[in-house]
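Listed here are the chains, written in short residue letters.
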Amino acid sequence: MVLCQGGEAAAVPAAGGKEPEVPLSREDGAGQPCLCPAAGMEAAGAEERRVCGCCSGLSWPRCCKAPGTKKKAACPGLGLFYTVLSAFLFSVASLFLKKIEDVHSVEVSAFRCVFQMAFVLPGLIYYKTGFLGPKGKRIFLFFRGFLGSSAMILLYYAFQVMPLADATVITFSSPVFTSLLAWIFLKEKYSIWDLLFTLFAITGVVLIARPPFLFGSNVTGIEGSYTDHLKGTIAAITSTVSAALTFVILRKYSEK
């Protein structure tokens, strides 16, 4: 047998064909000793598998790593690559969306969700995570789904009724709203530089929206009617704030 100590497996030698009684230095959350089968002694049948209580309930040998095993270091630039790739794919998707302006934004969102579920469903089945999440965290998942869906529909609407570049600029102001909301709800640090960039972002949004009380009633350089442009601006801002709220909820969810 192997006695799990500090996340590692410590072998207990057998004497006289019987396992000696060893003082247990660690117990799991239920007060039971945490024992895992020794290396090379894994049971053949699935019903005979033992579960380690101190290693997230995973069956051996995935639960306890061999002593001295070092975790493989992640590629430092991998996250940046994924970020750039995501921004590129998002821009391409926005370009295609501009080509189907006659399709309602709700229908476009539904079509996207079908493909999204096709990608997500195999992962849910493979990892056996369930569809509703843990009971204590379902409220966070509900609001995250509601705000995320609202942000997506409003964003698609903004792309259809206003210039693509203007809608994209407003959308990319989401990080400054995220930092502000994280300071309000998560009590994260909010420096004077964050405040300065937030003011810059709001100023840019105002310049894109060109409200009549600042630019007059005869606003030039706008594609289509000014009413549609204003509706698109409001939709893009609301979408940006909703997306920022989803990031805050995800952070709060991960802390629970």
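Residues numbered from 1 in each chain as written. Predicted model: local features only at pLDDT ≥ 70, side-chain atom pairs only at ≥ 80, totals over all residues. Heavy atoms only, no water.

Caption draft 1: Focus on the overall build of the protein. Check the secondary structure of the protein and you find eight helices and three strands. Order of helices (α) and strands (β) in the protein, N terminus to C terminus: β-β-β-α-α-α-α-α-α-α-α. Put simply, the protein has 256 residues, and 27% of those count as buried. Pairs at least 24 residues apart make up 63% of the contacts formed inside the protein by residues separated by at least 6 positions. Carbon together with sulfur atoms contributes 66% to the accessible area of the protein, which is approximately 17600 Å² in total. (Helix = DSSP H or I, 4+ residues; strand = E, 2+ residues; numbered from the N terminus. Buried < 20%, exposed > 50% of the residue type's maximum accessible area, 1.4 Å probe, protein only. Contact = heavy atoms within 4.5 Å. Areas by Shrake-Rupley, 256 points an atom, 1.4 Å probe, with all protein chains shown as cover.)

Caption draft 2: Focus on the packing of aromatic side chains. Counting across every chain of the model gives eight aromatic pairs. Members of the aromatic cluster, each reached through a chain of ring pairs, are Phe90, Phe159 and Phe172. (Phe/Tyr/Trp six-rings, centres within 6.5 Å; stacked < 30°, edge-to-face > 60°.)

Caption draft 3: Up close: the packing of helix H1 (residues 78–98) against helix H3 (residues 138–161). In contact at an axis separation of 9 Å, H1 and H3 are set at 60 degrees when each is read in the N-to-C sense. When the axes of H1 and H3 are compared, the pair comes out oblique. When you trace H1 past H3, the crossing you get is right-handed. The segment H1 lies against H3, with Phe90, Ser94, Leu97 and Lys98 engaging Leu155, Tyr156, Phe159 and Gln160. (Axes fitted to C-alpha atoms, helices over the stretch in contact; angles between N-to-C directions. Parallel < 35°, antiparallel > 145°, perpendicular 65-115°, else oblique. Left-handed = near helix turned anticlockwise from the far one by under 90°.)

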